[in-house]
Amino acid sequence: MFEWTSGGALNRDSDFDAGLIAHEYCHGLSTRLTGGALDTNCLWKDQQPGEGWSDFCALFITAVASDTDITPRGMATYVEFEPPNGPGFRPFPYTTDMAVNPLTYGDITTAGSGIPGSLSIPHGVGHVWATALWEVYWNLVHKYGFDADFHTGTKGNNIAMQLVVDGLMIQPCDPTFLDARDAILTADLVNNDGVNVCEIWEGFAKRGMGWTATDGGDGNSLDVVEAFDLPPWWQQEC
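Residues numbered from 1 in each chain as written. Predicted model: local features only at pLDDT ≥ 70, side-chain atom pairs only at ≥ 80, totals over all residues. Heavy atoms only, no water.

(A) Up close: helix α1 (residues 18–33). For α1, spanning 16 residues, the distance from its first C-alpha to its last is 23 Å, which sits close to the expected 22 Å at 1.5 Å a residue. Of all the positions in α1, only Gly-19, Leu-20, Ala-22, His-23, Cys-26, His-27 and Ser-30 are classed as buried. At its buried positions, α1 is contacted by α2 (50–61) and α4 (156–170). Capping the start of α1 is the job of one residue whose side-chain oxygen sits 3.0 Å from the backbone nitrogen of Gly-19: Asp-17. After α1 finishes, the residue Gly-35 shows a positive phi value of roughly 80 degrees. (Helix = DSSP H or I, 4+ residues; strand = E, 2+ residues; numbered from the N terminus. Expected span 1.5 Å × (residues − 1). Buried < 20%, exposed > 50% of the residue type's maximum accessible area, 1.4 Å probe, protein only. Contact = heavy atoms within 4.5 Å. Polar contact = N/O pair within 3.5 Å; in protein donor to acceptor, adjacent residues only side chain to side chain.)

Take a look at the structure:
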């Protein structure tokens, strides 16, 4: 399980990190489903959320019943010699606690700019997307509960994953974050008659992908404007 590099630093085999395995497999899922089964070139633009979907898959597959929404969850903490609540490969661990993970949609505007601390393309950009998905996930787990059966379970975590997967099939080629958000909302309308629209909007709006957010108009644009507002019908429906 351990080996020494020529520099003398201890390495861990990433094959033993279940989150990394799930992350890489999920690239095959998102790449294959987005734009249809015959087009695998739909996730290459700067605003594409591909790394975020893969991080979300890793979080989903390694979740346990004792987790809470504020439990910090890192990505690849095993190979980084960190405890599970460390950040791992990402700037922040995943949690709904904004004091621990403060990322919002507007943070992608400096991605790749060379500004110290700015997010990278595509991993840093994807980190923001997965942070928003984690909010939606937990809203659904709070509503329906957690099911340890990831394959045939019916609770909130299962519903969240199904909406993410179905959203991949609905969204256009080269989606922006808001395209992907809208695809998940559409998936819930198709799958569940839209009964989770409040929880989905609440999760995305918390991280800056609210009703009046703008995405720059193109999957290659990082000139986004975040917004934290909810739809105008929110008070009546939710």
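(B) Examining the pattern of salt bridges more closely. This structure, assessed with the given rule, holds eight salt bridges. Among the salt bridges present, the one from Glu-135 reaches Lys-206, with a minimum N-O distance of 3.2 Å. With a gap of 71 residues between them, Glu-135 in helix α3 (residues 123–144) and Lys-206 in helix α6 (residues 197–206) connect regions that are remote in the sequence. The closest approach of N and O atoms between Lys-143 and Glu-199, which form a salt bridge, is 3.4 Å. Placement of the pair is Lys-143 in helix α3 and Glu-199 in helix α6, with a sequence separation of 56 residues. What emerges from the salt-bridge pattern is a single network uniting Lys-45, Asp-174 and Asp-218. (Salt bridge = Lys/Arg side-chain N within 4 Å of Asp/Glu carboxyl O.)

(C) Focus on the packing of α1 against α2. Orientation of α1 relative to α2, taken along the N-to-C sense of each, is 135 degrees, at an axis distance of 7 Å. If you check the angle between α1 and α2, you find them oblique. In this structure, the crossing between α1 and α2 has a hand that is right-handed. Touching Ala-18, Gly-19, Ala-22, His-23, Cys-26, His-27 and Ser-30 of α1 are Gly-50, Glu-51, Trp-53, Ser-54, Asp-55, Cys-57, Ala-58 and Ile-61, all from α2. (Axes fitted to C-alpha atoms, helices over the stretch in contact; angles between N-to-C directions. Parallel < 35°, antiparallel > 145°, perpendicular 65-115°, else oblique. Left-handed = near helix turned anticlockwise from the far one by under 90°.)

(D) Up close: the nonpolar core. Membership of the largest hydrophobic core comes to 49 residues, with the highest contact counts inside it found for Trp-129, Tyr-137, Phe-204 and Met-209. The set of elements that each furnish at least two residues to this core consists of α2, α3, α4, α5 (177–192) and α6. By residue number, the principal contributor to this core is α3, which donates 12 residues. Residue contacts for Trp-129: discarding those within four places in its chain leaves Pro-49, Gly-52, Trp-53, Phe-177, Ala-180, Arg-181, Ile-184, Phe-204 and Met-209. Grouped together as the second largest cluster of nonpolar side chains are seven residues, Leu-20, Ala-22, Ala-58 and Tyr-78 included. (Core = buried A, V, L, I, M, F, W, Y, C linked by side-chain atoms within 4.5 Å.)

(E) Spatial organisation of the state of the cysteines. Counted under the stated rule, the structure contains three disulfides. In the protein chain, the bonded cysteines, numbered by position in the sequence, are linked as 1-3, 2-4, 5-6. (Disulfide = S-S within 2.5 Å.)

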